[in-house]
Amino acid sequence: MAVQVRSRISAFTVLKVLFLLAAVVATLYPLLYMLSISISDTTQVLLGKVGLIPKGVNLSMYRFVLRDQRIFTSYRNTIFYVLVGTALSLVVTAAAAFSLSKRRVVFHRFFTILVVVTMFFGGGMIPTYLTIRGLGMIDTIWAVLLPSAVSTYNLLVMRTFFDGFPKEIEESGQLDGLNDVGILTRLVLPSSQAVLASIGLFYAVSRWNAYFDPFLYLNTPDLFPLQIILRDILQAGQTNVVGGGDTLMVEESLRYTAVIVSILPIIVVYPFLQKYFVKGVMLGAVKG
Amino acid sequence: MKRAIWISAAVLLSASIVWAGGNKEGKSPAVSAPAATGKWFDKPVTISMMIPSHPSWPYQKDWYVAKMVKEQTNVDLKVIDVLDQSSAFDDKVTVSVASGDVADIIFPIGLAIQKRFGEQGVFANVLDYTAKTPNFKKWLDANKNYAIKFMSADGKLYQYPAKGIEETNRRIWMYRKDVFEKNGLKPPRTSDELLSVLRKLKELYPSSYPYAFRNNANDPMQFMLMIAPSWGTDAPSATTGEFRYDWATKEYVFGPTEDAFRDMIAFYHTLYAEKLIPPNCLTMTATEWQTMMTGSQSFMTVDYIGRIDFFNVPGRKVTPGYDLQYMPSVKGGSKGTDKFAASALGWYGFLPFSKSAHLDDVVKFCDWWYTPKASELSSWGEEGKTYSVVDGKRRFIDAPAVENVRNKYGLSTNGFYILFDYQAHISTFSPELQSAYAQSMPMDLPENLCPPFTPAEQEIINLTGANVMRHAQQQISRFLLGNRPLSEWGQYVKEVQDLGVEKFRTVYTQALARILNASK
Amino acid sequence: MTAASAHGVPGGPAHPLLRRIRKDRYLLLLLLPCVAFYVLFRYLPIWGILISFKDYKPFVGFSGSPWVGLKHYRNFFSVPEAWPLVRNTFLLGLYSILWSFPTPILFALVLNEVRDVRFKKTVQTITYMPHFLSMVIVTGMVISFLSPVRGPLNGLLKSLGRPEINFFADPKYFRTIYIASGVWQDTGWGAIIYLAALSGINPELYESAVIDGANKMRQIVSITLPMLIPTITMLLLLRVGNVLDVGFEKVYLLQNPVIYETADVLSTYVYRQGIRGAQYSFASAIGTFNSVVSLVILLLANFASRRLGETSLW
């Protein structure tokens, strides 16, 4: 067990706790403020009288946002797109990242440059649309799942992580008769939970927030993801005086309610991913 | 004023000659009455239409208005409801144009889409089909004044213009009548009176900013569009023209370099320095402005006429006696007028796709919208179904406000109006709002004369014009805030001129001349 | 089966290249879906770059639109503000890197030192949340917070007896506002990848260091940081390559003409141009210029990184 080093650390501990608490307050305050506004009486919000403490608590804004039938279809759609899309992205990205981390692979430089160049040069909105149309994917789920399957950034980050994977383990795997695919699936991936969890999170969040591409490529409302519906609802805040009865439609209230509806699932799911970032994941590997 | 009418008549006469030349089929007009079945089309026709959706009244197939259209015309409308009204709608149109999958009709908000794609050939020139659209022709002949705004530089008209609903964009001065009366103040009629009233209010309520308005941070002169005409000048705008047409001299003038503009900026600088307007007046967001107006931190504003009800409803919940009312416009400076800028402006309508598989059906469908019956049905609906007559006045059934009318019946939603009777909306307004409309309408100044441009001219506007505008925006803002002393005005005028105002202005003069010459 | 040898299987390909392909066939297979992706979705549309050399009209199509050579590039450089725009874009990107790049690392290091797992998890969950707020919300909050009429910051100044500051009326504040709000929004989220990297460090290394008498600082400097270097370098390279990629939306929402001096950047300038009429080709030209400069910067950074003995992108 680690030797307990004592009082020299205390000052450090106090400092770090203060620092972290400051960070928490700085980030939590605006979020609580938004929450408070979303559940306050809209007239009070309009008057600017609502701060951290909500006034006239009611859920009329949530009812307005959620009463839209399309919310539920789009929520379902988004969950599908995120789950399937992230799985797809992780598989393709991890396979490619592993492959590219092996500097010996033939054409290694060529492929890497191929990939990096796309970070700078791209066709643009119209050519990409025409390509997707040419592939017959317009107005299908593939238009949402495929064009964002790989992010060069994520690919390169994952490659860096695989770079650091201990050579000895791979070599012992080869001695045991595993080919490259086997090494990846049996040895590397199980020990790479941290990076898989983070990159998976990045992909998932990016897909969750996707608005513009689905907006452009989809026409059938039944396929729309959540963000399209939410952004649409937000526009109601710009013109309505009275929406649905007595509720005064206040843009700020509406906006913050929509934000909370949008990020709530992520906040709920995230803690389950956190355990993959805990220290000591690599522990078993070297000793074996 | 009279000269203005003569000149616009001349312009329009020449324009109409250009139009007449474009009419290919000079034969006798086709049948203008519905076919034997009583419907506009004998057999059912499917027409696709792309519309920008509004979230408070998203398109519904079983709306009264949708069913009415089918009943009257036998047209099955395939509506492509795009869930965005802003730039994202434009992008959606752009990719559909690039791929060739364009709906038979696009319903745009504003002229941007028509201007961008019209001359590329995306939309049909409706003037070529006037023989097939006699109702439209009849309306056009009677409304040339109005329709010219939708025309293109090549003499073509790529849009079936809508008329009537622009009233919804009307803007006015508004003031807190209760606060004024309480303190024995009268609404000001001149800028001097305005200054003294504001000073008085500031004295009485030191923590207030008596006069507040919201603005577009990236286009601060947008607010001045409403104010400048009362000072005898005008602010530049991409939609109403960057140059002011002076009816007296028949020349185009660049507003932001005029003396009257300088006087206006000097006046607003005074307001700013004395804290009579908020320090962030040029960038104030709608949210903050709304809070100040409802919370009685401000007592005067200029904005959409609908704000009267918008503020009175919550305002009265909080402050008994809260009374926001129409205020007659304020004459600015010595060169000004007590009339108010033309604000009831809007450009809507149908854009017919030139390569539609059944263009003849599409134009015939558009023609229906110009019949008096269509106008009546799309504005009011039918008695008993959508409205009833109460005390000799029409009242919508179960729909106290405009948004209810839209939500419930689909009336006056995007895609479903061409000739709109605005009285339909007015019938739902509070007495105060109705009175505001009545008082505001006679005070309108004429619209600016903005000619259509060729793509080459548009390029100059995009480049030279954008540079001029950017500098003007910057310096005008700085003068107003006092970041730059007004003594440097002359220098600023020179700077703007050096950036190419003349070149920019020549484009306008040229474009106007072209339309006039077309008659020779 | 023996380990792969240069001879390969009897009767296999003799040509060295083909032999290598055969040897790496599984790796190539793993790479295949990704390459297919890039070819289909990134390279098929890449003809779009050429739009900047034409007067592109979407309805007429690419082949129907006329070539204009360098016209749009020349138009851009003839604009009087071309240089200040590039300078602003570059400075915003540079300061962004200077401030927003190290803070997540620092944050991750501090967070990593926390013993109490629950505290650690809670802090992490809360601090990443601002990342999810859209730019409209974040800029709205910033503007509200700094408002000279009702903003709390000015409220504080007033209560201290000082005059209010109109933060958006003076060019000198813009960069700070932009950077500070960026740090607030992205530090927690940016730390995630570093936490993942930190979790992969073998705890035994620390244990032996402690036995050797190393204090916290020594441990961090000689164990933690070196283990993080590959990740840090890679992320830095990617970041540097994106230095000109100053997000359009955020700048546009925070700017106004009074502060254009520091607040106007390439992307917002192009956008405002575009409002007057879709200038695809012009926008494309500026975008391409941006890309070329970014690529050059990345090449330089990568070269430097390789020279310093560290990671290279390829």
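Residues numbered from 1 in each chain as written. Chains lettered and ligands numbered in written order. Predicted model: local features only at pLDDT ≥ 70, side-chain atom pairs only at ≥ 80, totals over all residues. Heavy atoms only, no water.

(A) Focus on the overall build of chain C. The number of helices and strands found in chain C is 15 helices and 0 strands. Computed over C-alpha atoms, the radius of gyration of chain C comes to 26 Å, more than 25% over the 20 Å expected from 2.2 N^0.38 for 314 residues, which places it beyond the range of a compact globule. Each principal axis of the C-alpha atoms in chain C carries an extent, and together these give about 80 × 70 × 35 Å. For chain C, buried positions account for 53% of its 314 residues. Long-range contacts, defined as pairs at least 24 residues apart, comprise 64% of the intrachain contacts of chain C with a sequence gap of at least 6. Of the roughly 14,400 Å² of accessible surface on chain C, a fraction of 67% belongs to carbon and sulfur atoms. The average position of the 28 basic charges and that of the 16 acidic charges among the side chains of chain C differ by 7 Å. (Helix = DSSP H or I, 4+ residues; strand = E, 2+ residues; numbered from the N terminus. Rg over C-alpha atoms; globule rule 2.2 N^0.38 Å. Buried < 20%, exposed > 50% of the residue type's maximum accessible area, 1.4 Å probe, protein only. Contact = heavy atoms within 4.5 Å. Areas by Shrake-Rupley, 256 points an atom, 1.4 Å probe, with all protein chains shown as cover. Lys, Arg positive; Asp, Glu negative; His and termini not counted. Charge placed at Lys NZ, Arg CZ, Asp CG, Glu CD.)

(B) Looking closely at the interface of chain C and chain A. Between chain C and chain A, the contact holds 85 residues from the first and 99 residues from the second. Across the chain C/chain A interface, buried area totals approximately 8,300 Å², and carbon plus sulfur atoms make up 76% of it. On the surface where chain C and chain A come into contact, there are 0 salt bridges. Our count for the chain C to chain A interface comes out at 8 residue pairs in polar contact (both at pLDDT 80 or more). A per-element tally of the side of chain C that touches chain A places helix H2 (residues 25-43) of chain C first, with 14 residues. Within the side of chain C that touches chain A, the residues separate by chemical class into 58 nonpolar, 16 polar and 11 charged. (Buried area = accessible area lost by both parts, 1.4 Å probe. Salt bridge = Lys/Arg side-chain N within 4 Å of Asp/Glu carboxyl O. Polar contact = N/O pair within 3.5 Å; in protein donor to acceptor, adjacent residues only side chain to side chain. Nonpolar A, V, L, I, M, F, W, Y, C, P; charged D, E, K, R; others polar.)

(C) Expanded view of the nonpolar core. In terms of nonpolar packing, the biggest core is built from 182 residues, with Val 150, Leu 155 and Ile 199 of chain A together with Leu 133 of chain C touching the most fellow members. The contacts of Leu 133 of chain C, once residues within four sequence positions are left out, are Leu 31, Met 34 and Val 259 of chain A together with Val 138, Met 141, Trp 184 and Gln 185 of chain C. (Core = buried A, V, L, I, M, F, W, Y, C linked by side-chain atoms within 4.5 Å.)

(D) Region of the structure containing unusual backbone geometry. All names here are of chain B. Despite not being glycine, Lys 250 shows a phi value in the positive range, around 55°. Looking at the secondary structure, you find Lys 250 in the loop between strand E6 (244-246) and strand E7 (251-253). A positive phi angle, near 60°, is found at Ser 412, a position not held by glycine. Mapping Ser 412 onto the fold places it in the loop between helix H15 (402-409) and helix H16 (423-426). Exposure remark for Ser 412: the relative accessible area of 2% places this residue in the buried category.

(E) Summary view of a nonpolar patch on the surface. All names here are of chain A. There is a patch of nonpolar side chains on the surface, built from Val 25, Tyr 29, Leu 32, Leu 35, Leu 52 and Ile 53 and spanning about 570 Å² of accessible area. For Leu 52, the location among the structural elements is in the loop between helix H2 (42-46) and helix H3 (60-67). Classification of Leu 52 as partly exposed rests on a relative accessible area of 37%. (Patch = residues over 30% accessible without salt bridge, like charges linked within 9 Å, V, L, I, M, F, W, Y side chains within 5 Å.)

(F) Highlighting helix H11 (residues 286-294) of chain B. Judged by how many residues are buried, H11 of chain B sits mostly within the fold: 7 of 9 residues are covered. Residues of H11 of chain B that are buried include every one of Glu 288, Trp 289, Gln 290, Thr 291, Met 292, Met 293 and Thr 294 of chain B, and no others. Where H11 of chain B is buried, its residues meet H2 of chain A together with strand E5 (171-176), strand E8 (300-304), helix H12 (307-318) and strand E9 (324-327) of chain B. Among the residues trailing H11 of chain B, Ser 296 of chain B stands out with phi positive, at a value near 60°.

(G) Inspection of the domain arrangement of chain C at higher detail. Each domain of chain C was delimited in the assignment, giving domain 1 (1-43) and domain 2 (54-308). Distance from the C-alpha centre of domain 1 of chain C to the C-alpha centre of domain 2 of chain C: 39 Å. (Domains from an automatic or database assignment.)

(H) Broad picture of the environment of Ser 230 of chain B. All names here are of chain B. Mapping Ser 230 onto the fold places it in the loop between helix H9 (221-227) and E6. What makes Ser 230 buried here is its relative accessible area of 2%. A C-alpha to C-alpha distance of 24 Å links Ser 230 and Glu 432, two positions 202 residues apart in sequence. Residue contacts for Ser 230: discarding those within four places in its chain leaves Val 330, Lys 331, Gly 332, Gly 336, Thr 337, Lys 339 and Phe 340. A distance of 2.9 Å separates a polar atom in the side chain of Ser 230 from the backbone oxygen of Lys 339.

(I) Representation of the packing of helix H10 (residues 180-188) of chain A against H2 of chain C in the model. Running from N to C, H10 of chain A and H2 of chain C point in directions that differ by 65°, and their axes come no closer than 7 Å. In this structure, H10 of chain A uses Asp 180, Val 181 and Leu 184 of chain A to contact H2 of chain C, whose residues at the interface are Tyr 26, Leu 27 and Leu 30 of chain C. A breakdown of the residues in the contact of H10 of chain A with H2 of chain C according to their chemical character gives 5 nonpolar, no polar and 1 charged. (Axes fitted to C-alpha atoms, helices over the stretch in contact; angles between N-to-C directions.)

(J) Focus on the pairing of E5 of chain B. All names here are of chain B. Counted residue by residue, E5 has 5 buried out of 6 residues, so it is predominantly covered. By the bridge criterion, 5 bridges tie E5 to E8 in an arrangement that is antiparallel. If you follow Ile 172 over to E8, its bridge partner there is Asp 303. (Pairing = 2+ DSSP bridges.)

(K) Local environment of the sheet that holds strand E1 (residues 45-52) of chain B. All names here are of chain B. If you walk across this open sheet you meet the 5 strands as E2-E1-E3-E10-E4, and the pairing is mixed. Strands at the two margins of the open sheet, each flanked by one partner only, are strand E2 (75-82) and strand E4 (160-161). Its contacts with the sheet place helix H13 (residues 359-368) against E1, E2, strand E3 (105-106), E4 and strand E10 (349-352), and it is angled at close to 65° to E1.

(L) Inspection of the pairing of strand E11 (residues 387-390) of chain B at higher detail. Residues and elements named next belong to chain B. Inspection of the sheet shows E11 paired to strand E12 (residues 393-396) by 4 bridges, in the antiparallel sense. Bridge pairing links Tyr 387 to Phe 396 in E12. If you look at the hairpin formed by E11 and E12, you'll find 2 residues sitting between the two strands, and Asp 391 has a positive phi there, around 55°.

(M) Expanded view of the side chain of Arg 505 of chain B. Residue and element names in this part refer to chain B. The topology assignment puts Arg 505 in helix H20 (residues 501-517). Judged by its relative accessible area of 18%, Arg 505 falls in the buried class. Residue contacts for Arg 505: discarding those within four places in its chain leaves Phe 243, Glu 251 and Tyr 252.

(N) Here's a closer look at the interface of chain B and chain A. Each partner contributes residues to the interface: chain B has 29 residues there, and chain A has 30 residues. Summed over both sides, the interface between chain B and chain A buries roughly 2,800 Å², with carbon and sulfur atoms accounting for 61% of that surface. Summed over the shared surface of chain B and chain A, the result is 1 salt bridge. For Asp 101 of chain B, the salt bridge goes to Arg 133 of chain A, with nearest N and O atoms at 2.7 Å. Scanning the region where chain B abuts chain A turns up 7 residue pairs in polar contact (both at pLDDT 80 or more).

(O) Seen up close, the sheet that holds E8 of chain B. All names here are of chain B. Pairing is antiparallel in the open sheet, where 3 strands are placed in the order E8-E5-E9. Of all the strands in the sheet, just E8 and E9 have a single pairing partner and so form its edges. The sheet shows a mean angle of 40° between the axes of neighbouring strands, direction not considered. Lying over the sheet, helix H17 (residues 431-440) contacts E5 and E9, oriented at roughly 10° with respect to E9.

(P) Main features of the side chain of Thr 86 of chain A. Residues and elements named next belong to chain A. Of note, Thr 86 is situated in helix H4 (residues 69-101). Among the polar contacts made by the side chain of Thr 86, one reaches the main-chain carbonyl oxygen of Val 82 at a distance of 2.6 Å. Contact partners of Thr 86, with chain neighbours within four places excluded, come to Tyr 81, Gly 200, Tyr 203, Ala 204 and Arg 207.

(Q) Representation of the packing of helix H6 (residues 125-134) of chain A against helix H3 (residues 87-99) of chain B in the model. One can describe the packing of H6 of chain A onto H3 of chain B by two numbers: an axis separation of 10 Å at closest approach and a directional angle of 55°. Viewed along their axes, H6 of chain A and H3 of chain B adopt a mutual orientation that is oblique. Considering how the two elements wind past one another, H6 of chain A and H3 of chain B form a crossing that is right-handed. Between H6 of chain A and H3 of chain B, the contacting residues are Met 125, Ile 126, Tyr 129, Leu 130 and Arg 133 of chain A on the first element and Asp 91, Thr 94, Val 95, Ala 98 and Ser 99 of chain B on the second. Here the contact of H6 of chain A with H3 of chain B is composed, by residue class, of 6 nonpolar, 2 polar and 2 charged. (Parallel < 35°, antiparallel > 145°, perpendicular 65-115°, else oblique. Left-handed = near helix turned anticlockwise from the far one by under 90°.)

(R) Looking closely at the packing of aromatic side chains. Residues and elements named next belong to chain B. Using the criterion set out here, one finds 72 aromatic pairs over all chains in the structure. Members of the aromatic cluster, each reached through a chain of ring pairs, are Phe 107, Tyr 348, Phe 350, Phe 365, Trp 368, Trp 369, Tyr 417 and Phe 420. Here the basic side chain of Lys 202 rests over the ring of Tyr 209, its NZ or CZ set 4.6 Å away from the ring centre. For Arg 307, the ring lying beneath its charged end belongs to Phe 310, and the centroid distance is 4.6 Å. (Phe/Tyr/Trp six-rings, centres within 6.5 Å; stacked < 30°, edge-to-face > 60°. Lys NZ or Arg CZ within 6 Å of the ring centre and 35° of its normal.)

(S) Looking closely at helix H14 (residues 251-274) of chain A. Along its 24 residues, H14 of chain A runs 35 Å from first to last C-alpha, staying within 8% of the 34 Å computed at 1.5 Å per residue. Along H14 of chain A, the helix axis deviates most sharply at Ile 263 of chain A, where the bend reaches about 40°; the proline Pro 265 of chain A sits within four residues downstream. (Expected span 1.5 Å × (residues − 1). Bend = angle between axes of the 7 residues up to and from the residue.)

(T) Here's a closer look at the pattern of salt bridges. Residues and elements named next belong to chain B. Counting across every chain of the model gives 40 salt bridges over all chains. As a salt-bridge pair, Asp 141 and Lys 144 come within 3.7 Å of each other at their nearest N and O atoms. Taken together, the shared-partner salt bridges in this structure form one network comprising Asp 259, Arg 262, Asp 263 and Lys 335.

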